Amino acid sequence: MGQTLLKVINRRHSELVRDPMQNSRGLLPTLDALDQMASPRLVERALKDVGLTRTVLEGPPVPLPIRYHAQLLETVSGKIGERHLGAIMAKDFAYSSLNRPDPFSSYALGASRLDIALQRAARALPFLQRGTQIRTRTDGNCLVFSFGVQFEKSIGAQLLEQEIPSILIALVRPYLGTSWVPDWVELPAEHRLQKVAFARLLGTEVRANADFPGIAIPMSQLQTPTRLDEGGRVQMTAAGIERLRLNRPPRTHAETVRQALRMQLNNGSAAVDDVAAALGVGVRTLQRQLRIEDVTFKEIALSEQVSRAKMLLSENDLNLSQIAFYLGFSEVNSFRRAFRTWFGQSPTQYRSRAFS
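On a predicted model such as this, the values are computed, not experimentally measured, just so you know.

Novice: When you look at the sheet that holds strand β3 (residues 129-130) in this model, what are you seeing that I'm missing?
Specialist: Either a parallel or an antiparallel arrangement is found when strands of a sheet pair, and the pairing is made through backbone hydrogen bonds. Taken in spatial order, the 3 strands of this open sheet run β2-β1-β3, and their pairing is antiparallel. If you trace the sheet from one side to the other, it starts and ends with β2 (63-65) and β3, each paired once. Here 2 bridges tie strand β1 (residues 21-23) to β3, and the two strands are oriented antiparallel to one another. Its bridge partner being in β3, Q22 is matched across the sheet by Q129. Along the sheet, helix α5 (residues 66-80) contacts β1, β2 and β3; its crossing angle with β2, the most-contacted strand, is approximately 60 degrees.

Take a look at the structure:
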């Protein structure tokens, strides 16, 4: 059974991409934890430094480079002077404590047994992240379940790695009990000087010699059944599948660019340079990928600006200057001229007719 689990999971996660991405919703648990550890004002400044906003993270799911997650942790860690921020923040992490529906946990924790939950976690990951890996191997009487991402090493990357063991432990505890700890925890070699501190935090041995963070689960416990009743388990599974479907990652380069553009528009930019930077590619690469799909960045930007303009003008929440900003225009007059080109009337006329 353990060998079957190894083959299923390792086959599913054998490919890496140039700039690993994650669904913006994946940052919400980290944001919740940071709000509890630092002042909201400090967290707001850190988000701004990274180039993010709560509006982006709490809005419709969009792909974000995982390096944004790492940079956010590094920024907050530097401001509060806590080098073990990731480990401390995730120490008491529990999926049940999330104040938002979480598709990953609903789907994985709706499994009838622990080994099936681990397989589901691997199956769900591509819906939330791209370019990350789940690996498994046997070590003595244990299955080592590891999760990681390969990108440029930094303080932020190390802080992100500190979070992972506790998040994996939280995936297992609904089956093995709230006080369960792995036989040992693995971290990359960069964490070797903090092994003692991490062992104290996690309550088990820490080995700093691995490629990815991971936890050791006794093979004898892999078939432990869920503690949920059948009705609750099925309900969680169904809810998780539906939420994963809604959070499905883009299937084409055009969809990826469109989602990244929406994020940049929330920051007041419709520039191709900013969208390319958010996706971790060069402008020429982005344009070449779009040409293969017979579409241009200009066409995507125009369609997004037009549809967004109609939506925002049909509401009374924002004035024209604010709408211009959220369409990527630096001046309201530029927006007025563009809108007249699109619709043959001024934004004010369009809004008046919408409410007449």
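Having seen the structure, we can now continue with the description.
Novice: How do you make sense of the nonpolar core when you look at a structure like this?
Specialist: As a rule of thumb, soluble globular proteins bury nonpolar side chains together. Ranked by internal contacts, the top residues of the largest apolar core, which has 30 residues, are L114, L118, F145, I215 and I217. Those elements that place two or more of their residues in this core are α8 (114-128), β5 (142-149), α9 (155-176), α10 (195-202) and β8 (214-218). The element best represented in this core is α9, accounting for 7 residues. Residues contacting I217, with those up to four places away along its chain left out, are L114, L118, N141, C142, L143, F145, V172, L176, W180 and L222. With 28 residues, the next largest nonpolar core counts L27, V43, I66 and A278 among its residues.

Novice: Just checking my understanding: could you explain the packing of helix α15 (residues 297-313) against helix α18 (residues 347-354) for this structure?
Specialist: How two helices pack is summed up by the angle between their axes together with the distance between the axes. The geometry of α15 relative to α18 is characterised by a closest axis approach of 9 Å and an angle of 55 degrees between their N-to-C directions. Here α15 is positioned oblique relative to α18, judged by the angle of their axes. Both α15 and α18 take part in a crossing whose hand is right-handed. Each of K310, L312 and L313 in α15 lies in contact with α18, whose residues at this interface are P347, Y350 and R351. Considered class by class, the residues forming the contact of α15 with α18 number 4 nonpolar, no polar and 2 charged.

Thresholds, definitions, all that
- Residues numbered from 1 in each chain as written.
- Predicted model: local features only at pLDDT ≥ 70, side-chain atom pairs only at ≥ 80, totals over all residues.
- Heavy atoms only, no water.
- Pairing = 2+ DSSP bridges.
- Helix = DSSP H or I, 4+ residues; strand = E, 2+ residues; numbered from the N terminus.
- Contact = heavy atoms within 4.5 Å.
- Axes fitted to C-alpha atoms, helices over the stretch in contact; angles between N-to-C directions.
- Core = buried A, V, L, I, M, F, W, Y, C linked by side-chain atoms within 4.5 Å.
- Buried < 20%, exposed > 50% of the residue type's maximum accessible area, 1.4 Å probe, protein only.
- Parallel < 35°, antiparallel > 145°, perpendicular 65-115°, else oblique.
- Left-handed = near helix turned anticlockwise from the far one by under 90°.
- Nonpolar A, V, L, I, M, F, W, Y, C, P; charged D, E, K, R; others polar.

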